[in-house]
Amino acid sequence: MSAKQSPEPPLSLIGMSHAEMVDLCLRAGVKAVHADHLRAAIYRHGITDIDRIGDIPQRLKTYIRSHADMTLPACSASQGSRDGTRKLLLAMSDGKEVETVLIPGKGRITQCISTQVGCAVGCTFCLTATAGLTRNLTASEMLAEVMAGRQQTDGQLRNLVLMGMGEPLHNYEQVARFVRIVTDPRGMAFSPRRVTLSTSGMIPGIRRMTEENLPCNLALSLNATTDEVRSKIIPLNRKYPIGELMQCIRDYIGRRGDKRVLIEYVMLAGVNDSIADARRLVTLLDGLKCTVNLLPFNPYPGSAFRRPDDATVEQFRDILIRASLVAVIRQSRGRDISAACGQLKTDVRQKRAASL
Ligand code: SAH
Ligand code: SF4
């Protein structure tokens, strides 16, 4: 079930860590301090044209032109929703396209980042799953999503959620590189508390996040309370069942001290939305520092699932709250432009063909 292992892609300048920029400067025969200028220009100010970086010597510019790549996927289209949500489409060098979504909130904007083109996990309720996995995104391509997002949001972009297309922990190396760069205080400087990585339950990846103390929050798409149901809707559960997964989450919290995890729970009518499910969820989360996000299923044509009615969702939430859990119902945003949870599926050729 893991993503195709491709060799590490060549590093572009955008996507380099500070240490790698220092190395580049030394190889170019200029002082290491110019790495600070590169980092500030690219990550803080979003400059992607070497000629527009003022503070660096000509010799470094010449070296970069011949040894490093600075091209970034460009924003090829943008679509606005009635509720203020905006979807951006980025065209990558191999012709693939990837979607990212900007979601406005009170005085701040959250961006939903894609980490792969498609996804290999195959959850039966998710539109992204239907096309399978095309390829991993590079850190540089994920950074391009944020750069495009920043350009459109006038300094209001505060939160990043890795909840777009893809399973981030199937693309660990590039995702971890991305997370470290966006949270670098002298780079993009997002607070690690405002960057959230969501996984369908890849235990080895969660362990790695724990060991490396990856600077971001963790969200787990639990989505069911028994292995029988979870394995039906998230095939990865056969390999990493609920018991082991919850132990892994408890270890994560134990090792990282003050951390709280986000538990996501997609509500599917008649599948995982019963009172018995709510009670089992209370037991599974007993004593765990967490917030539960209930996501009523977001339907799409051809899906076999239905969204539960509001009363069922509220009753489910109230059982969690009465058991002293923090639980909120998250209504999908951007549904009219297919930008909501589980609705990102970049099959642009198909979309274009349909609109001809
Ligand atoms: N692959 C990661 C992150 C991307 S999916 C993961 O699965 O966690 C982001 C969230 O959207 C997950 O919690 C997923 O369960 C949820 N989701 C997927 N399809 C959905 C749908 N049709 N309706 C509501 N939520 C959905
Ligand atoms: Fe992949 Fe997440 Fe969709 Fe499952 S829900 S198929 S893991 S993107």
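Everything numeric here is computed off the predicted structure, so don't read it as measured data. (Residues numbered from 1 in each chain as written. Chains lettered and ligands numbered in written order. Predicted model: local features only at pLDDT ≥ 70, side-chain atom pairs only at ≥ 80, totals over all residues. Heavy atoms only, no water.)

1. So, the overall build of the protein
Here is step 1: Within the protein one finds eleven helices and twelve strands.
Here is step 2: Over its C-alpha trace the protein gives a radius of gyration of 21 Å, about what one expects of a compact globule, namely 21 Å for 356 residues.
Here is step 3: Considering the protein as a whole, with its 356 residues, one finds that 53% of them fall into the buried category.
Here is step 4: The contacts in the protein between residues at least 6 apart in sequence include a share of 66% that link residues at least 24 apart.
Here is step 5: Looking at the protein as shown, the accessible area adds up to about 16,000 Å², and 50% of this sits on carbon and sulfur atoms.
Here is step 6: For the protein, the distance from the average position of its 48 positive side-chain charges to the average position of its 35 negative side-chain charges is 2 Å. (Helix = DSSP H or I, 4+ residues; strand = E, 2+ residues; numbered from the N terminus. Rg over C-alpha atoms; globule rule 2.2 N^0.38 Å. Buried < 20%, exposed > 50% of the residue type's maximum accessible area, 1.4 Å probe, protein only. Contact = heavy atoms within 4.5 Å. Areas by Shrake-Rupley, 256 points an atom, 1.4 Å probe, with all protein chains shown as cover. Lys, Arg positive; Asp, Glu negative; His and termini not counted. Charge placed at Lys NZ, Arg CZ, Asp CG, Glu CD.)

2. Here's the deal with the domain arrangement of the protein
Here is step 1: Examined at the domain level, the protein breaks down into domain 1 (18-67) and domain 2 (74-355).
Here is step 2: Taken over C-alpha atoms, the centre of domain 1 sits 34 Å from the centre of domain 2.
Here is step 3: If you look at the interface, domain 1 gives eight residues, while domain 2 gives nine residues.
Here is step 4: Counting the contacts that link domain 1 with domain 2 gives two salt bridges.
Here is step 5: The closest approach of N and O atoms between arginine 177 and glutamate 20, which form a salt bridge, is 2.7 Å.
Here is step 6: Between the two partners, domain 1 and domain 2, sit four residue pairs in polar contact (both at pLDDT 80 or more).
Here is step 7: Classifying every residue of the side of domain 1 that touches domain 2 by side-chain character gives two nonpolar, two polar and four charged. (Domains from an automatic or database assignment. Salt bridge = Lys/Arg side-chain N within 4 Å of Asp/Glu carboxyl O. Polar contact = N/O pair within 3.5 Å; in protein donor to acceptor, adjacent residues only side chain to side chain. Nonpolar A, V, L, I, M, F, W, Y, C, P; charged D, E, K, R; others polar.)

3. Digging into the site of ligand 1
Here is step 1: Near ligand 1 there are 19 residues, and of these Gly166, Ser198, Ser221, Glu264 and Asn298 occur at the shortest range.
Here is step 2: Note that a nitrogen atom of ligand 1 is positioned 2.9 Å from one of the backbone N or O atoms of glycine 166.
Here is step 3: The separation between an oxygen atom of ligand 1 and a polar side-chain atom of asparagine 223 is 3.1 Å.
Here is step 4: Look at ligand 1: alone it shows 540 Å² of surface, and the protein chains cover 96% of it.
Here is step 5: Of the pockets mapped on this structure, ligand 1 occupies the largest cavity.
Here is step 6: Among the secondary structure elements, those contributing two or more residues to the shell around ligand 1 are β8 (195-199) and β10 (261-267).
Here is step 7: When the residues that make up the shell around ligand 1 are grouped by side-chain class, the tally is eight nonpolar, nine polar and two charged. (Near = heavy atom within 4 Å. 1 Å grid on protein atoms, 1.4 Å probe; cavity = no way out; pocket = protein on both sides within 12 Å on 5 of 7 lines; lining within 4 Å. Sits in = over half its atoms within 2 Å of the grid points.)

4. Here we look at unusual backbone geometry
Here is step 1: A positive phi angle, close to 50°, is found at asparagine 213, a residue other than glycine.
Here is step 2: Checked against the element boundaries, asparagine 213 lands in the loop between α6 (203-212) and β9 (217-221).
Here is step 3: Residue asparagine 213 is classed as partly exposed on the basis of its relative accessible area, which comes to 49%.
Here is step 4: Phi at serine 324 takes a positive value of approximately 70°, unusual for a residue other than glycine.
Here is step 5: Assignment of secondary structure puts serine 324 in the loop between α10 (310-322) and β12 (326-329).
Here is step 6: Since its relative accessible area comes to 66%, serine 324 is described here as exposed.

5. Notes on the site of ligand 2
Here is step 1: The environment of ligand 2 is formed by Cys119, Val121, Gly122, Cys123, Phe125, Cys126, Ala129, Gly166 and Ser200.
Here is step 2: In this structure the site holding ligand 2 corresponds to the largest cavity.

6. Quick notes on the environment of glutamine 111
Here is step 1: Inspection of the secondary structure puts glutamine 111 in strand β4 (residues 109-112).
Here is step 2: When the C-alpha positions of glutamine 111 and leucine 157 are compared, they lie 7.2 Å apart, and in sequence the two are 46 residues distant.
Here is step 3: The contacts of glutamine 111, once residues within four sequence positions are left out, are Thr100, Val101, Leu102, Glu145, Val146, Gly149, Leu157, Asn159, Leu160 and Val161.
Here is step 4: In this structure the side chain of glutamine 111 is engaged in a polar contact, spanning 2.8 Å, whose partner is the backbone oxygen of glutamate 145.

7. Here's the deal with the sheet that holds β8
Here is step 1: The ten strands lie next to each other as β1-β2-β3-β4-β7-β8-β9-β10-β11-β12, forming an open sheet whose pairing is mixed. Lying at the two open borders of the sheet, with one neighbouring strand each, are β1 (74-80) and β12. When strand polarity is set aside, the average angle formed by the axes of neighbouring strands in this sheet is 25°.
Here is step 2: Pairing of β9 with β10, which is carried by three bridges, proceeds in the parallel orientation. Looking at β10, one finds that alanine 219 is bridged to leucine 262. (Pairing = 2+ DSSP bridges. Axes fitted to C-alpha atoms, helices over the stretch in contact; angles between N-to-C directions.)

8. Brief notes about empty space enclosed by the protein
Here is step 1: This model, assessed by the stated rule, comprises one cavity of 30 Å³ or more.
Here is step 2: Forming the walls of the largest cavity are 31 residues, and the residues nearest its centre are Phe125, Cys126, Met163, Ser221 and Gly342.
Here is step 3: Listing elements by their share of the lining of the largest cavity, those giving two or more residues are β8, β10 and β11 (290-296).
Here is step 4: Each residue belonging to the lining of the largest cavity can be placed in one class, and the counts come to 17 nonpolar, twelve polar and two charged. (Points joined across faces, edges and corners; volume = space filled by probe spheres on them.)

9. Focus on the pairing of strand β7 (residues 157-162)
Here is step 1: Counting buried positions along β7 gives five out of six residues, so the element sits mostly inside the fold.
Here is step 2: In this structure, β4 lies alongside β7, joined through four bridges in parallel fashion. What sits directly across from glutamine 111, in β7, is leucine 160.
Here is step 3: As defined by bridge partners, β7 adjoins β8 across three bridges and the pair is classed as parallel. Considered in β8, the bridge of leucine 160 is made with valine 195.
Here is step 4: Considered for its hand, the β-α-β crossover made up of β7, helix α5 (residues 172-183) and β8 is right-handed. (Right-handed = clockwise from strand over helix to strand, strands pointing away.)

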